[in-house]
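# Overview (structure and organization)
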Amino acid sequence: MTTARATTERATTERVWDRFLSEQDRARAAADPAMRKGAGKKPALLLVDLYRWVFGDEPQPLLEAVKTWPGSCGLTGWQALPHIQRLLAGAREVGVPVIHVTGINGVPGWRDSAPRGSRIEDPGMEERRRRRFDIVDEVAPIAGEIVLTKVSPSAFWGTPLAGLLTGLGVDTVVIAGESTSGCVRATVVDAKSHRLKVLVPEQCVFDRDEAPHAINLFDIDQKYADVVDLDDALAYLRSVSPR
């Protein structure tokens, strides 16, 4: 994925954030285009929060899904899932390290006023809360892949992720998962703070709300990472394949 190619594609392809930008936003971005940050030679794939709580057990429109799965992202998660599966398969095929990140039951989290799972609602909700941080089967870890747990938005905060990446010699993280405006963004910012290169395949991140998803991708692309097409991300992984 060369810089020239990426620049050309950005000039000719409509981006997910375009319809949310004001006239002033567009003028400023055109006058001062975001610098391409590029990628290194030793990537890892980081899958953030692909757990049951945001998917539920079956695809449902958002306003219906939140009645039984309050953390649901509705159909957007299910629509992103095949793209994430393709990205994951590509990383596995070429031997790129894969790291999964999920939450922890029974520990106070960054949004909880009480320990997770401590509030008892109807029996069905209690059972769903027990399964909330189970990584969904479609992208479940396989032998040899690392699984980290966290209680904060960033995959770096309070986890050994930075040390693991250093030990693996990783200089680039490809980040997929949810939510774009929350844990994905926090992880992107922390990755950049650790001076890592960051790629975000646009089709492989999602959010329950359209506008925050789009505007956060715009801001991430402007400042911290390259938001790229999935095909370009896969081509990059093949180009630096350890195999």
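Our structure's up above, just so we're on the same page.
Read on for a plain summary of the structure. The model shown is predicted, which means the values in this text are computed figures rather than measured ones.

### Some points on the packing of aromatic side chains
- Tallied over the entire structure, the rule returns five aromatic pairs.
- Aromatic ring contacts, followed pair by pair, group Phe55, Trp78 and Phe206 into a single cluster.
- Geometry around Trp69 places Arg128 over its ring, the cationic atom sitting 5.9 Å from the centre.
- A cation over an aromatic ring shows up here: Arg132 above the ring of Trp53, its NZ or CZ 4.7 Å from the ring centre.

### Describing helix H6 (residues 123-130)
- Of the positions making up H6, those classed as buried are Met125, Arg128 and Arg129. Projected onto a plane normal to the axis of H6, the buried residues spread over an arc of 100 degrees and lie on a single side. Facing away from the buried side of H6 by more than 90 degrees, the exposed set consists of Pro123 and Arg130.
- Those residues of H6 that are buried are in contact with helix H3 (52-55).

### Some thoughts on the packing of helix H8 (residues 180-193) against helix H9 (residues 210-223)
- Viewed as axis vectors pointing N to C, H8 and H9 meet at an angle of 15 degrees, and their least axial separation amounts to 10 Å. By the angle class used here, H8 and H9 are roughly parallel. For the pair H8 and H9, the crossing hand works out as right-handed. Across from Thr180, Ser181, Arg185 and Val188 in H8, the residues of H9 making contact are Pro212, His213, Asn216, Leu217, Asp219 and Ile220.
- Broken down by class, the residue content of the contact of H8 with H9 amounts to four nonpolar, four polar and two charged.

### Digging into the environment of Pro201
- One can find Pro201 in strand S5 (residues 197-201).
- The buried category is assigned to Pro201, whose relative accessible area is 0%.
- Those residues in contact with Pro201 that lie beyond four places of it in its chain are Leu87, Val174, Ile175, Val228, Leu230 and Ala233.

### Some points on the pattern of salt bridges
- One pass over the full model with this rule turns up 14 salt bridges.
- The residue Arg131 makes a salt bridge to Asp57 at a minimum N-O spacing of 2.9 Å. On the criterion of sequence distance, the pair formed by Arg131 in the loop between H6 and strand S3 (146-150) and Asp57 in the loop between H3 and helix H4 (62-65) is long-range, its members being 74 residues apart.
- Residue Arg131 is classed as partly exposed on the basis of its relative accessible area, which comes to 22%.
- Note on Asp57: relative accessible area 46%, which makes it partly exposed.
- Among the ionic pairs, Arg131 bridges to Glu127, the shortest N-O distance being 2.6 Å.
- Taking relative accessible area as the criterion, Glu127 reaches 30% and is therefore assigned partly exposed.
- One network of salt bridges, in which partners are shared, links Arg52, Asp57, Glu127 and Arg131.

### Quick word on unusual backbone geometry
- Each neighbour pair has its own omega, and for Glu178 with Ser179 the value is -15 degrees, a cis peptide bond.
- One non-glycine residue, Asp49, lies in the positive phi region at around 60 degrees.
- With respect to the secondary-structure elements, Asp49 resides in the loop between strand S1 (43-48) and H3.
- Relative accessible area serves as the criterion here: at 1%, Asp49 is assigned to the buried category.
- The backbone of Arg195 sits at a positive phi, close to 65 degrees, despite the residue not being glycine.

### Things to note about the pairing of strand S4 (residues 172-178)
- Judged by how many residues are buried, S4 sits mostly within the fold: seven of seven residues are covered.
- Across the two faces of S4 the burial is the same, with Thr172, Val174, Ala176 and Glu178 and Val173, Ile175 and Gly177 all buried.
- For S1 and S4, the ladder comprises six bridges, and the chain directions are parallel. Bridge pairing in S4 places Val48 opposite Gly177.
- Across three bridges, S4 lies against S5 in parallel orientation. Opposite Val173, over in S5, you have Val198 as the bridge partner.
- With respect to chirality, the unit in which S4 leads through H8 into the neighbouring parallel S5 is right-handed.

### Some points on the environment of Asp226
- With respect to the helices and strands, the residue Asp226 is situated in strand S7 (residues 226-228).
- Measuring from C-alpha to C-alpha, the distance between Asp226 and Asn105 comes to 33 Å, with 121 residues separating the pair along the chain.
- Within the structure, the side chain of Asp226 is placed 3.0 Å from the backbone nitrogen of Lys37, a separation counted as a polar contact.

Thresholds applied
- Residues numbered from 1 in each chain as written.
- Predicted model: local features only at pLDDT ≥ 70, side-chain atom pairs only at ≥ 80, totals over all residues.
- Heavy atoms only, no water.
- Phe/Tyr/Trp six-rings, centres within 6.5 Å; stacked < 30°, edge-to-face > 60°.
- Lys NZ or Arg CZ within 6 Å of the ring centre and 35° of its normal.
- Buried < 20%, exposed > 50% of the residue type's maximum accessible area, 1.4 Å probe, protein only.
- Helix = DSSP H or I, 4+ residues; strand = E, 2+ residues; numbered from the N terminus.
- Arc of directions from axis to C-beta.
- Contact = heavy atoms within 4.5 Å.
- Axes fitted to C-alpha atoms, helices over the stretch in contact; angles between N-to-C directions.
- Parallel < 35°, antiparallel > 145°, perpendicular 65-115°, else oblique.
- Left-handed = near helix turned anticlockwise from the far one by under 90°.
- Nonpolar A, V, L, I, M, F, W, Y, C, P; charged D, E, K, R; others polar.
- Salt bridge = Lys/Arg side-chain N within 4 Å of Asp/Glu carboxyl O.
- Pairing = 2+ DSSP bridges.
- Right-handed = clockwise from strand over helix to strand, strands pointing away.
- Polar contact = N/O pair within 3.5 Å; in protein donor to acceptor, adjacent residues only side chain to side chain.

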